[in-house]
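So the chains spell out like this:
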Amino acid sequence: MTDTTHKSAVSTPASRLTLGQVAPWLFAIAFLVLLPFVFKSNAALTIMNQMMITIVFALAYNMLLGQGGMLSFGHAVYLGFGGFMCMHIMNAVEDNGLPLPLPLLPIFGGLFGLGLATIIGSFSTRRAGTVFAMISLGIGELIAACTVIIVVLFGGEEGISGDRTYGLPVFGYEFLQQIEVYYVLGFWTVLSALLMYLFSRTPVGRMANAVRDNPERAEFLGYSARWVRFYSFCASGFFAGVAGAMVAINYEILTEQSMSATQSGVILLVAFLGGVGFFFGPIIGAIVFTLLQSVLSLYTEIWQLYLGALFLATVMFFPGGLAGVLMMHVPVARLGKFGLLVMPYIKTLLPALVSVIGVSALMEIIFHYRHAPPGDEEMTLFWVTFDSHNLLAMLIAFVVAAAGFWVAKRNSGELRNAWHAANTPDGGRA
Amino acid sequence: MNAPMSKTAVPALQLEGLRKSFGRTEIIRGVDLSIQRGELHAVIGPNGAGKSTLFNLITGRFAPTSGTVRLHGTDLAGMAPFQINRMGLSRSFQITNIFPKMTVFENVRCSLLWSQGYRYSFWNLVSRSRELNEGADEILEQINLTARRDLPAGVLSYAEQRALEIGITIAGGADVIMLDEPTAGMSHSETDYIVELIRKVTENKTLVMVEHDMGVVFGLADRISVLVYGEIIATGRPEDVRANPKVQEAYLGAALEAEH
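All values derive from a computational prediction rather than experimental measurement.

So, the domain arrangement of chain A
All names here are of chain A. As far as domains go, chain A holds domain 1 (22–327) and domain 2 (336–422). Placing the centre of domain 1 and that of domain 2 at their C-alpha centroids yields a distance of 35 Å. Each partner contributes to the interface: domain 1 provides 5 residues, whereas domain 2 provides 4 residues. Together domain 1 and domain 2 conceal approximately 390 Å² of surface at their shared face, both sides included; 68% is due to carbon and sulfur atoms.

Digging into the environment of B:Ala80
All names here are of chain B. Relative to the helices and strands, Ala-80 is located in the loop between β5 (74–75) and α3 (81–86). On the basis of relative accessibility, which here comes to 22%, the residue Ala-80 falls in the partly exposed class. Between the C-alpha atom of Ala-80 and that of Thr-53, which follows or precedes it by 27 residues, the distance is 16 Å.

A closer look at the side chain of B:Ser111
Turning to its location among the elements, B:Ser111 is positioned in helix α4 (residues 104–113). You can call B:Ser111 buried: its relative accessible area is 3%. A distance of 2.8 Å separates a polar side-chain atom of B:Ser111 from the backbone oxygen of B:Val108. Contacts of B:Ser111, omitting those with residues within four sequence positions, involve A:Leu221, B:Ile168, B:Ala171 and B:Gly172.

Regarding the sheet that holds strand β3 (residues 40–44) of chain B
Across a sheet, strands are paired by hydrogen bonds formed along the backbone, either parallel or antiparallel in direction. Residues and elements named next belong to chain B. One open sheet holds the 6 strands; their spatial order is β6-β7-β8-β3-β9-β10, and the pairing between them is mixed. The open sheet is flanked by β6 (89–91) and β10 (231–236), the only strands paired with a single partner. Adjacent strand axes in the sheet meet at a mean angle of 15° when their direction is disregarded. In the sheet, strand β9 (residues 223–228) pairs with β10 via 5 bridges, with the strands oriented antiparallel. Following the sheet pairing, Leu-227 is matched in β10 by Ile-232. On top of the sheet, helix α6 (residues 158–171) reaches β6 and β7 (176–180); it is set at about 155° to β7, its chief contact.

Rules used throughout
- Residues numbered from 1 in each chain as written.
- Chains lettered and ligands numbered in written order.
- Predicted model: local features only at pLDDT ≥ 70, side-chain atom pairs only at ≥ 80, totals over all residues.
- Heavy atoms only, no water.
- Domains from an automatic or database assignment.
- Contact = heavy atoms within 4.5 Å.
- Buried area = accessible area lost by both parts, 1.4 Å probe.
- Helix = DSSP H or I, 4+ residues; strand = E, 2+ residues; numbered from the N terminus.
- Buried < 20%, exposed > 50% of the residue type's maximum accessible area, 1.4 Å probe, protein only.
- Polar contact = N/O pair within 3.5 Å; in protein donor to acceptor, adjacent residues only side chain to side chain.
- Pairing = 2+ DSSP bridges.
- Axes fitted to C-alpha atoms, helices over the stretch in contact; angles between N-to-C directions.

Below you can see the structure in the form of structure tokens.
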């Protein structure tokens, strides 16, 4: 205990808001407000709207996975339920002329999500771990199956559709245009994210972390692990419902697909890709995932293969997700040694990128070879047009992949040394 | 302290006919023990005597097969650990049991939440409570971990984690503190540090402690119970226990010779 390498932290009574706390939120608001001025097309707005829905859902999901240590395989159920109920409300407003402005719909989506989560959570949160995961899977399948059985509620296979423009205009806006919807969703995204962040700073939010780390010890501090999990679960259900309402507003339709097991799996992937250990991780995951999904799918039919590979690589090599990779660099930046990493990064990552391009070219050629209509043997890849039945093309792709891999591997030792050097304080212990 | 008065008052902890079986094996075989308020009580005994099981029975981790545990006169039967904790009993663990991914400060702050009345609040922000944060910093000061405040608890040295374990145990202000082998696996200097710490933080409190280090036991305890094969064969002041022939025969003789 005589070790003094760690500087004694000065305790700051954080009772006043600091710029550091407020700045990220102000930046996010400014960013969301200004984004449509840069990307004006309707296609871009569609992608951004989807992105915001995914952000809210992924953050809600991470209240369970990252914050509370509960692995759910059926969280789309709460999004779907909130969304379906919002479609019914939307239709009721249209039929009966109820004075409910559209932008308030997410409150109701949230309340329905919360209601369902309260019921399910009352028994599913008794245990964490495998038991919780299995219950979530079972409930997910059960309710997803109900969507095609209880037609009144979920509309069967065609789902429930409505029209968001029939409600009362709000300050003259009728939500005919995509951009108006964008700002409604943007408002709810920021508000939800802020509330979820603040939740993590409350006593029950802090105890959620404690229960995640060590449920037994938490019990010996006066907290029932089960009730701590229950409150996190309810809060998560609320925000999943908000995301469902955002789906209802944006797409004006909900189908069984919205609450399917596939959807539940996707959100797990999104959260993990972004990094469950950090509050902002799922936000990064949602942005990257939506971009890959919408942009990559324009160029290739096998985009899911790439997504799967990326996910696998994340799980195996960067369990902290993209946020974890970013945060790994904070100590380096603090030491002011980021410069040491630039060249090794270029020397390793550039060949690695070449290798990835080679592998993907190989995949695309094989896919084209197998699936192109007979006679159509010409394909274009990376602005080069060639015959996909020509063995030479495959060979070139393979050589590029192998060469890139070899160079990257050869230089990775240098990167490792540089990483070590960059993380070692000057004059400190090696 | 006011020893004569507490003698007449309700004992802090009272065990009556406590038994625990796992399958057909009886681990605790009828334990009667009364620990007065303000007493520093040590439970010693050879390996496998059932000391940790006894702790687990008292703190609600296991349910007794028969017998009763009373805390300040209240029967604890059927209560969960968190309910017992809320009644003012707090324990540490033989194997370090902290929140490894949270910072040292967070570890301590979490242990203050219930006792400061926050319950399952989702309308208070922990950073805005001066009482909470200053309380946590005070505990850190007491357990000498202020310099480690913002590190994840999992990266602390073994002795520091043990100190944190004690900090978490005492933070909630419980008046009955139970420590399960607080100095296990420590060097001499570390042991001295922990003993000083225990003495400091258990002032005016009731302490029940399982301990192997006889130096610690005889230096710290007001009374000692010797547990052998699930039964208490002797209870009394250190010098009486030391002189007890049954104890010497069963356990202490060898240990004492090694000690002196």
